[in-house]
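# Examination of the molecular architecture
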Amino acid sequence: SQTIHQWPATLVQPVGSPLSLECTVEGTSNPNLYWYRQAAGRGLQLLFYSVGIGQISSEVPQNLSASRPQDRQFILSSKKLLLSDSGFYLCAWSRDFTDTQYFGPGTRLTVL
Amino acid sequence: AQTVTQSQPEMSVQEAETVTLSCTYDTSESDYYLFWYKQPPSRQMILVIRQEAYKQQNATENRFSVNFQKAAKSFSLKISDSQLGDAAMYFCAYRSANSGGGADGLTFGKGTHLIIQP
């Protein structure tokens, strides 16, 4: 069966510091991968998605970036965090664009 | 762009009763997918049910069923025999059946907080 992992589970970072969140999927190959953000009191917003290694599409211009160095690894990064980057970050995967998206446990990021 | 609206920020139901959560969406597309996800206090998003727009039959999963009205662009979730474990945020989500151009991502409503009264 497929499983999706995210780490860290919780992160507290100062403004201006860098960020790296990792997502990995097990039990499948060449998945579509997604990063979403859930800000307090708001719904989920798609940030990035990837259909393959090195292929990243951005939905929202911001100071975040994403990379996919390996088939089942998806990384969310920032060079300098802003207060507005605080939120709950969810990674998801699907077999293809017709398939259901399955979510990881999420990372709670607090920027102080 | 597609939008998803959940007009009930919070709903409360007695244990063992039935509750219906509302969702409407706006799209110009004819082929798409609709989902209900549950987010318990752990905050992991869990799929509850999925509906393909080309299917006229309403999807069901055990105690969960949907009322899909394509012409009205309505997609409500009915939970029968409510249980304490059903307490969570419920999100309605839309995805286009066309790939590329951001169509792969889900568009979510703002959620409905479901409270189960023992």
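Residues numbered from 1 in each chain as written. Chains lettered and ligands numbered in written order. Predicted model: local features only at pLDDT ≥ 70, side-chain atom pairs only at ≥ 80, totals over all residues. Heavy atoms only, no water.

## Thoughts on the nonpolar core
In terms of nonpolar packing, the biggest core is built from 25 residues, with Tyr25, Trp36, Phe75, Leu77, Tyr90 and Leu114 of chain B touching the most fellow members. Secondary structure elements with two or more residues in this core: strand E3 (19-21), strand E5 (32-39), strand E6 (46-52), strand E8 (64-69), strand E9 (74-79), strand E10 (88-96) and strand E12 (112-117) of chain B. Apart from residues no more than four positions distant in its own chain, phenylalanine 75 of chain B is found in contact with Cys23, Tyr25, Leu34, Phe35, Trp36, Gln51, Val66, Asn67, Phe68 and Cys92 of chain B. With 20 residues, the next largest nonpolar core counts Leu19, Val25, Cys91 and Val111 of chain A among its residues. (Core = buried A, V, L, I, M, F, W, Y, C linked by side-chain atoms within 4.5 Å. Buried < 20%, exposed > 50% of the residue type's maximum accessible area, 1.4 Å probe, protein only. Helix = DSSP H or I, 4+ residues; strand = E, 2+ residues; numbered from the N terminus. Contact = heavy atoms within 4.5 Å.)

## What to know about the state of the cysteines
All names here are of chain A. A full pass over the atoms with the stated rule returns two disulfides over all chains. Note on cysteine connectivity: cysteine 23 is disulfide-linked to cysteine 91, with sulfurs 2.0 Å apart. Residues cysteine 23 and cysteine 91 are joined by a disulfide whose S-S torsion is about -75°; by sign, that bridge is left-handed. Of the two residues, cysteine 23 sits in strand E3 (residues 19-26) while cysteine 91 sits in strand E9 (residues 87-94), which places them 68 residues apart along the sequence. (Disulfide = S-S within 2.5 Å.)

## A look at unusual backbone geometry
Note the cis peptide between tryptophan 7 of chain A and proline 8 of chain A, where omega equals 0°. Along the chain, proline 8 of chain A falls in the loop between strand E1 (3-7) and strand E2 (10-13). Even without a glycine there, the phi angle at asparagine 30 of chain A is positive, about 50°. Relative to the assigned elements, asparagine 30 of chain A resides in the loop between E3 and strand E4 (32-38). With phi around 75°, arginine 43 of chain B is a residue other than glycine that occupies positive phi space. Looking at where arginine 43 of chain B falls in the secondary structure, it is placed in the loop between E5 and E6.

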